[in-house]
Amino acid sequence: MIRPSAIPSLRSARPSGFAGVCGGVLALFALAQPLLQPPARAQATPQTVQPAGTDLNLSSVKTLLARGDAAVASGNLAEGRRLYDLARDASRRLLGFYRDLSGSFRGLDARIPREMDDKGREALTLLAETNLRLAALFRRQNQPEVAIPLLVEVVKIMTPTNEGGRKAYQQLVELGFVVTPYTAPGSSTGG
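Residues numbered from 1 in each chain as written. Predicted model: local features only at pLDDT ≥ 70, side-chain atom pairs only at ≥ 80, totals over all residues. Heavy atoms only, no water.

Participant: What's the story with the overall build of the protein in this structure? I'm lost.
Facilitator: Of regular secondary structure, the protein possesses 7 helices and 0 strands. Reading the protein from its N terminus to its C terminus gives the helix and strand order α-α-α-α-α-α-α. Evaluated residue by residue, the protein yields a buried proportion of 28% over its 191 residues. Residue pairs at least 24 apart in sequence account for 52% of intrachain contacts in the protein once pairs closer than 6 positions are excluded. Carbon and sulfur atoms make up 58% of the accessible area of the protein, which amounts to about 12700 Å² in all. (Helix = DSSP H or I, 4+ residues; strand = E, 2+ residues; numbered from the N terminus. Buried < 20%, exposed > 50% of the residue type's maximum accessible area, 1.4 Å probe, protein only. Contact = heavy atoms within 4.5 Å. Areas by Shrake-Rupley, 256 points an atom, 1.4 Å probe, with all protein chains shown as cover.)

Below you can see the structure in the form of structure tokens.
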């Protein structure tokens, strides 16, 4: 839209002759040019939009875990812990967001809760993996009191029937926090 404040300034210029009129028309055309552009067409495939400066998605959590693994492997335990903590926080936030969205769309469009539930399960798995890595780091630093709550949380969210839950429980046995070993039904070792 042409700004009303621009019109008086063009009138006050008082073009003289043909060149002046053409210059005035060109000035008006330049002001109206954005209005003549066709609107951008919507893309056929949905795109994931991330706010500038944020990487709140499952792949960024995986990247944080990989960077944390590299830091720990190189002996930089402080950086590894920082990256694992970031991954843990992001996993928890994602898990909450996916649960909220799933609940909001229940009964409206089954596709959205199904997608959010799938993403939520993946976020939960990443949270468990992050907790296991953090617990291993704390055990390496001889801080079992910090590792134990992480391991208990893994058993709680993954259950002992899942491999991650069994690994966490086995570490609790190794730490002496629990005494009774757990043998999954159908495994070859007795207990």
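Participant: Sorry if this is basic, but what is going on with helix α5 (residues 111-140) here?
Facilitator: Because each turn of an α-helix spans 3.6 residues, side chains separated by three or four positions end up pointing in the same direction. Taking 1.5 Å per residue as the helical rise, α5 with its 30 residues ought to reach 44 Å, and the 44 Å between its terminal C-alpha atoms agrees with that figure. With its phi angle positive at about 60 degrees, N142 sits one or two positions after the end of α5. (Expected span 1.5 Å × (residues − 1).)

Participant: Looking at this structure, how should I read the pattern of salt bridges?
Facilitator: Opposite charge on two side chains allows them to pair when their charged atoms are near. According to the stated counting rule, one finds 13 salt bridges in the structure shown. One salt bridge connects E153 with R92, and the closest N-O pair in it is separated by 2.4 Å. Taken together, the positions of E153 in helix α6 (residues 144-158) and R92 in helix α4 (residues 77-105) put the pair 61 residues apart, joining distant regions of the chain. Residue classification places E153 among the buried residues on the basis of a relative accessible area of 17%. Taking the relative accessible area as the measure of exposure, R92 reaches 38% and is therefore partly exposed. Where salt bridges share partners, they join D69, E129 and R133 into one cluster. (Salt bridge = Lys/Arg side-chain N within 4 Å of Asp/Glu carboxyl O.)

Participant: Explanation requested: unusual backbone geometry in the structure shown.
Facilitator: Trans peptide bonds make up most of the peptide bonds, and negative phi angles are found at most residues other than glycine. Of note in the backbone geometry, N142 takes a positive phi value of approximately 60 degrees without being a glycine. With respect to the helices, strands and loops of the structure, N142 is situated in the loop between α5 and α6. By relative accessible area, N142 is classed as exposed at 63%. Its identity is not glycine, yet T159 carries a phi of approximately 70 degrees, on the positive side.

Participant: Can you help me understand the packing of α5 against α6 in this one?
Facilitator: The geometry of a pair of packed helices is captured by two quantities: the angle between their axes and the separation between those axes. Remark: α5 packs on α6, axes separated minimally by 8 Å, with the N-to-C direction vectors making an angle of 155 degrees. Here α5 is positioned roughly antiparallel relative to α6, judged by the angle of their axes. In this structure, the crossing between α5 and α6 has a hand that is left-handed. Facing α5, whose interface residues are L124, T125, L127, A128, N131, L132, L134, A135, F138 and R139, α6 presents V146, A147, L150, L151, E153, V154, I157 and M158. Per-class residue counts for the contact of α5 with α6 are 14 nonpolar, 2 polar and 2 charged. (Axes fitted to C-alpha atoms, helices over the stretch in contact; angles between N-to-C directions. Parallel < 35°, antiparallel > 145°, perpendicular 65-115°, else oblique. Left-handed = near helix turned anticlockwise from the far one by under 90°. Nonpolar A, V, L, I, M, F, W, Y, C, P; charged D, E, K, R; others polar.)

Participant: Looking at this model, I keep getting lost on the packing of α4 against α5. Mind explaining?
Facilitator: Contact geometry for α4 and α5: axes closest at 8 Å, N-to-C directions at 160 degrees. On the basis of the axis angle, α4 is roughly antiparallel to α5. Note that α4 runs across α5; the crossing there is left-handed. Residues of the contact of α4 with α5, tallied by class, amount to 18 nonpolar, 6 polar and 8 charged.

Participant: Would you explain helix α7 (residues 163-174) in this entry?
Facilitator: Its 12 residues place the ends of α7 16 Å apart at the C-alpha level, agreeing with the 16 Å of an ideal helix rising 1.5 Å per residue. For α7, the complete set of buried residues consists of G164, G165, A168, Q171 and L172. The buried residues of α7 occupy an angular sector of 125 degrees when projected down its axis, which confines them to one face. Looking at the packing, one finds that the buried side of α7 touches α5 and α6. Between a side-chain oxygen at the N-terminus of α7 and the backbone nitrogen of G164 the separation is 2.7 Å; the capping residue is N162. (Arc of directions from axis to C-beta. Polar contact = N/O pair within 3.5 Å; in protein donor to acceptor, adjacent residues only side chain to side chain.)

Remember that the coordinates give geometry; whether it matters functionally is a separate question.
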